[in-house]
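# Coordinates in review
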Amino acid sequence: MSRQALQARRTARSGTVFREEQKPALIDIFGATFYRDHPSPSSTSNTGCSALFPGLNFSLPSFANPKEHWAVLGSSASARTAFLEVLRSKYICLPPTARTYPYLSTHKIQSENPHLRNPTKAIQYVGFDAERGGLGGSTMRGAYLSARYEARKEEMDFSLLDFLKGNTELNPDENLNVNTDDDLLARVLNDLKLEGLLDMPVSNLSNGQTRRAKIAKSLMNKPVLLLLDGPFMGLDPPTSKLLSSLLNQLAEACNPRILLSLRPQDIVPDWLTHLICVNEDFKISAQGSKSDVLAKADNSHIRLLNKSITTDNAISQRAQSLEKLPSEASGIPVIEMLGVQVKYGSRCVLGGWQQGSEGKQQEGLWWTVRKGQRWGVFGSNGSGKTTLLSLITSDHPQTYSVPMRLFQRSRLPSRGNPGISIFDIQSRIGHSSPEVHTYFPRSLSVRRAMESAWADAPLSKPTKLTDEGREKVNACLRWFQTELYPEAPKLDFSISNSELSSISGLRSRYDGEIMKCGSLSWASKVKFGELAFSAQRVVLFLRAIIRNPEIVILDEALSGMDESAREKCAHFLSYGERSVLWTPEARSAEARFVPSLQSQLGLVQVPGLRANQALLVVSHLKEEVPDCVREWITLPEPGTRAPRIGRLKGPVSLEHNAWSEIWGMDV
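To keep things clear, this report deals only with the structure shown in the data block. (Residues numbered from 1 in each chain as written. Predicted model: local features only at pLDDT ≥ 70, side-chain atom pairs only at ≥ 80, totals over all residues. Heavy atoms only, no water.)

A few words on the overall build of the protein. Within the protein, the regular secondary structure consists of 23 helices and 25 strands. When burial is assessed residue by residue, the protein has 53% of its 667 residues classed as buried. When contacts within the protein are restricted to residue pairs at least 6 apart in sequence, long-range pairs at least 24 apart make up 71% of them. Surface accessibility of the protein: about 30,200 Å² in total, with carbon and sulfur atoms responsible for 50%. (Helix = DSSP H or I, 4+ residues; strand = E, 2+ residues; numbered from the N terminus. Buried < 20%, exposed > 50% of the residue type's maximum accessible area, 1.4 Å probe, protein only. Contact = heavy atoms within 4.5 Å. Areas by Shrake-Rupley, 256 points an atom, 1.4 Å probe, with all protein chains shown as cover.)

Put into structure tokens, the structure is as follows:
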């Protein structure tokens, strides 16, 4: 499309209201290619391994009639984020004049808001992942994991009001006055329903409240455009619906304009009018009005927009491939909640109910997890899931006082029974969560990050690491090399039917894959903080399961991963190196689960979950619940009914009404 055609399109869609005013585009990109690093002189402007969105044409109007509300969609979190970074002028653009911001150069902006002439000021980016760290990249989430549960208020536990006003310096300059637009502050608080939280320390905000606080902080800077990267990640359906409604109100008022980044599993809000789809190879596959994109979409886009293309045959093959799990777990208890209640003063955040059968009602949470069980822990934001898990991991101070047992032992000693120490507990638990991600040190190499599973703390030396543990780390690095280090050669450990009869042939091909893999030296050079967000989540997932701990806790651990990485991790959880997951795009549905070279050669280092391990999975999305989950508990909102507990006959993804039953929704 020529620049003249783009201009004509913008003029036509502007409508009669704005045509006379000649409102220029907010962002105008024509024939541009972007780079993280400047390409070498020998490379052309649109080639090279670092090229992003080659030949991109995109125009975002400053005003349109009817209004346009855009979202970028794609299965790759890196590609979605990169596109938003392109819009805010982060990456190198070639040719340099191919990306412009005409509206920011208008007389209105220059005279009324001259600071907005700079795109980095006019276009605010808000990322909702741990890579950005807490609220606005600050240290507002506390210095350590258990800080949010403690009653003592530290000097750095600033209130939400302080955060929004910018009063977050420990030693502020007395001569420096932070000017706040009180009218704007009042409007933002009202629009985002934050008035009742002003005195609350930001470290105590819930997940949904934190999202709204980050958006409010950006709105205080009066941006022209607000880029929201993954705003619905980690939110339950009701909270997602509330946030979507609030964003719709802001978008309709054009104060500011809103552009979202959405994951494949997110529901596309009805109020969005335009979509742009990005591929894993950082190319645009479709863009335009939502109806046009949906009409032209191929199968991958249909899946992207929550439309199922899974065939009955594929479902049948998948169900047959799953290992048979026992109908009832007969293992010994590893977690026993014996009437647990967690209160802050008079406010009960967990266990504020009567639980049990008719005629035998007891106060608090009564719940037992046994070895070999695979539990899903569900509930809306604020129902107490994080509090419950913090009791199990001993990050919550009240874990010493509530009636519970871990590994059949109490936290406090009694006559003849020594208490179980926090070091003993955490050495027997593998844990991955957004909170762990937030506090995990970015300076560790990928290898050291995984080896820290054998250490008392991430930064301490893994003194318990053995040669067997090192082989496990190497096995995981090889298995997930594509996800963690895309620049390395891609490895294929799958087996074809023709290869099954030749052990020598299998060994030769395995040795070839290992040789192609190389020394894995990249894992000692690449820092955890240098990885893409999806890859960071993969590392923390592997760190949680690699030691085969007695309890594995995956709290939103698969959230934020690219779709292919999420499916691979969920499969690896059950099968480890024993089985290879082929995607339908790469292979036929009949061959979705196949044996691996390692399994046929007896070289499996990581076998997946074992029969004596217990699993706890927290998720708000069906797609992020591993197939092995059978038991489930749904926590209620505080002050309401008792939790509901049930058992699945098979994977939640294959049981038609299971997800509705778990959430108590009408089928």
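Once that is clear, we can look at the sheet that holds strand E10 (residues 284–289). Here 6 strands make up an open sheet; going across it, the order is E6-E7-E8-E3-E9-E10 and the pairing mixed. Of all strands in the sheet, those with a lone pairing partner are strand E6 (123–127) and E10, marking the two edges. The sheet shows a mean angle of 15 degrees between the axes of neighbouring strands, direction not considered. As paired elements, E6 and strand E7 (residues 225–229) share 5 bridges and run parallel to each other. Residue Val 126 lies in a different strand from E7, and its bridge partner there is Leu 228. (Pairing = 2+ DSSP bridges. Axes fitted to C-alpha atoms, helices over the stretch in contact; angles between N-to-C directions.)

With that out of the way, let us pick up the side chain of His 431. With respect to the helices and strands, the residue His 431 is situated in strand E19 (residues 429–432). The exposure class assigned to His 431 is buried, which follows from its relative accessible area of 18%. Those residues in contact with His 431, other than ones at most four positions away along the chain, are Thr 393, Val 436, Arg 543, Ala 544 and Ile 553.

Bringing helix H12 (residues 385–392) into the picture now. The element H12 is extensively covered by neighbouring structure, given that 7 of its 8 residues are classed as buried. Among the residues of H12, Lys 385, Thr 387, Leu 388, Leu 389, Ser 390, Leu 391 and Ile 392 are the ones counted as buried. One or two steps after H12, the chain reaches Ser 394, where phi turns positive at roughly 70 degrees.

Below, the discussion takes up the packing of aromatic side chains. By the definition in use, this model includes 14 aromatic pairs. Consider the rings of Phe 58 and Trp 70, whose centres lie 5.0 Å apart with planes at 85 degrees: the pair is edge-to-face. Within this pair, whereas Phe 58 is found in strand E2 (residues 51–61), its partner Trp 70 is found in strand E3 (residues 70–73), the two being separated by 12 residues in sequence. The exposure classification of Phe 58 matches that of Trp 70, with both residues buried. Centroid distance Trp 479 to Phe 493: 5.7 Å. Interplanar angle 5 degrees. Geometry classified as stacked. Highlighted residues: Trp 479 in helix H16 (residues 467–479) and Phe 493 in the loop between helix H17 (481–484) and helix H18 (503–517), separated in sequence by 14 residues. Above the ring of Phe 480, the side-chain terminus of Lys 568 is found at 5.1 Å from the ring centroid. (Phe/Tyr/Trp six-rings, centres within 6.5 Å; stacked < 30°, edge-to-face > 60°. Lys NZ or Arg CZ within 6 Å of the ring centre and 35° of its normal.)

Moving on to unusual backbone geometry. Across residues other than glycine, the phi torsion is negative in most instances, and most of the peptide bonds are trans. Residue Pro 66 is reached from Asn 65 by a cis peptide bond, and omega for that bond is 5 degrees. Along the chain, Pro 66 turns up in the loop between E2 and E3. Cis geometry is adopted by the peptide bond preceding Pro 256, which originates at Asn 255 and carries an omega value of 5 degrees. Structurally, Pro 256 can be placed in the loop between helix H8 (237–253) and strand E8 (257–262). Positioned with a positive phi, Phe 407 is a non-glycine residue whose angle comes to about 55 degrees. Here Phe 407 is to be found in the loop between strand E18 (404–406) and helix H13 (422–427).

Looking at where Gly 560 falls in the secondary structure, it is placed in the loop between strand E20 (551–555) and helix H21 (563–575). A relative accessible area of 4% means that Gly 560 is categorised as buried. Spatially, the C-alpha atoms of Gly 560 and Ser 534 are 5.9 Å apart, while their sequence positions differ by 26 residues. Contacts of Gly 560, omitting those with residues within four sequence positions, involve Ala 77, Met 233, Arg 263, Phe 533, Ser 534 and Arg 537.

As a further point, take the pattern of salt bridges. Counted according to the given criterion, the structure contains 16 salt bridges. The salt bridge involving Glu 336 is made with Arg 405; its shortest N-O contact spans 3.0 Å. Here Glu 336, found in strand E11 (residues 333–340), pairs with Arg 405, found in strand E18; they are 69 residues apart in sequence, far enough to count as distant. Of the residues examined, Arg 405 reaches a relative accessible area of 32% and is grouped as partly exposed. We note a salt bridge from Asp 467 to Arg 470, for which the minimum N-O separation is 3.1 Å. With Asp 467 and Arg 470 both in helix H16 and 3 residues apart, the pair spans about one turn of that helix. Residue classification places Asp 467 among the exposed positions, given a relative accessible area of 59%. Note on Arg 470: relative accessible area 37%, which makes it partly exposed. Connected through shared salt-bridge partners, Arg 409, Asp 424, Arg 428 and Glu 550 make up one network. (Salt bridge = Lys/Arg side-chain N within 4 Å of Asp/Glu carboxyl O.)

Moving on, we get to the sheet that holds strand E16 (residues 365–370). The sheet built from 3 strands is open, its strands ordered E16-E11-E18 with antiparallel pairing. Taken across any chain shown, the strands that pair with only one partner, and hence form the sheet edges, are E16 and E18. Taking each pair of neighbouring strands and ignoring which way they run, the sheet shows an average axis angle of 5 degrees. Two strands pair when backbone bridges link them, and E11 and E16 are joined in this way by 6 bridges, in the antiparallel orientation. Residue pairing across strands places Glu 336 opposite Thr 368, the latter belonging to E16.

Okay, helix H2 (residues 77–87) next. Across the 11 residues that make up H2, a large majority, 10, are buried. Listed in full, the buried residues belonging to H2 are Ala 77, Ala 79, Arg 80, Thr 81, Ala 82, Phe 83, Leu 84, Glu 85, Val 86 and Leu 87. A positive phi of about 70 degrees marks Ser 89, the residue just after H2.

Turning our eyes to something else, we now look at the environment of Glu 85. The residue Glu 85 is located in helix H2 in this model. With relative accessibility at 5%, the residue Glu 85 sits in the buried group. Glu 85 sits 142 residues away from Leu 227 along the chain, and the two C-alpha atoms are 9.1 Å apart.

In this section: the side chain of Gln 598. Of note, Gln 598 is situated in helix H22 (residues 597–601). Note on Gln 598: relative accessible area 2%, which makes it buried. Non-local contacts of Gln 598, meaning those with residues more than four positions away in its chain, are made with Trp 479, Phe 493, Tyr 510, Glu 577, Leu 603 and Val 604.

What tends to happen in soluble globular proteins is that the nonpolar side chains get buried as a cluster. With 65 residues, the main nonpolar core has Leu 477, Leu 484, Phe 541, Leu 554, Phe 572 and Leu 615 as its most contacted residues. Looking at this core, the element that brings in the most residues is helix H20 (residues 533–545), giving 8 residues. Each residue touching Leu 477, except ones within four places of it in the same chain, is listed here: Val 446, Arg 447, Met 450, Leu 484, Leu 520, Trp 522 and Ala 523. (Core = buried A, V, L, I, M, F, W, Y, C linked by side-chain atoms within 4.5 Å.)

It is worth spelling out the packing of H20 against H21 at this point. Across the interface, H20 lies against H21 with an axial gap of 11 Å and an inter-helix angle of 5 degrees. Considering the angle they form, H20 stands roughly parallel to H21. Across the interface between the two elements, Ser 534, Val 538, Phe 541, Leu 542 and Ile 545 of H20 pack against Ala 565, Cys 569, Phe 572 and Leu 573 of H21. (Parallel < 35°, antiparallel > 145°, perpendicular 65-115°, else oblique.)

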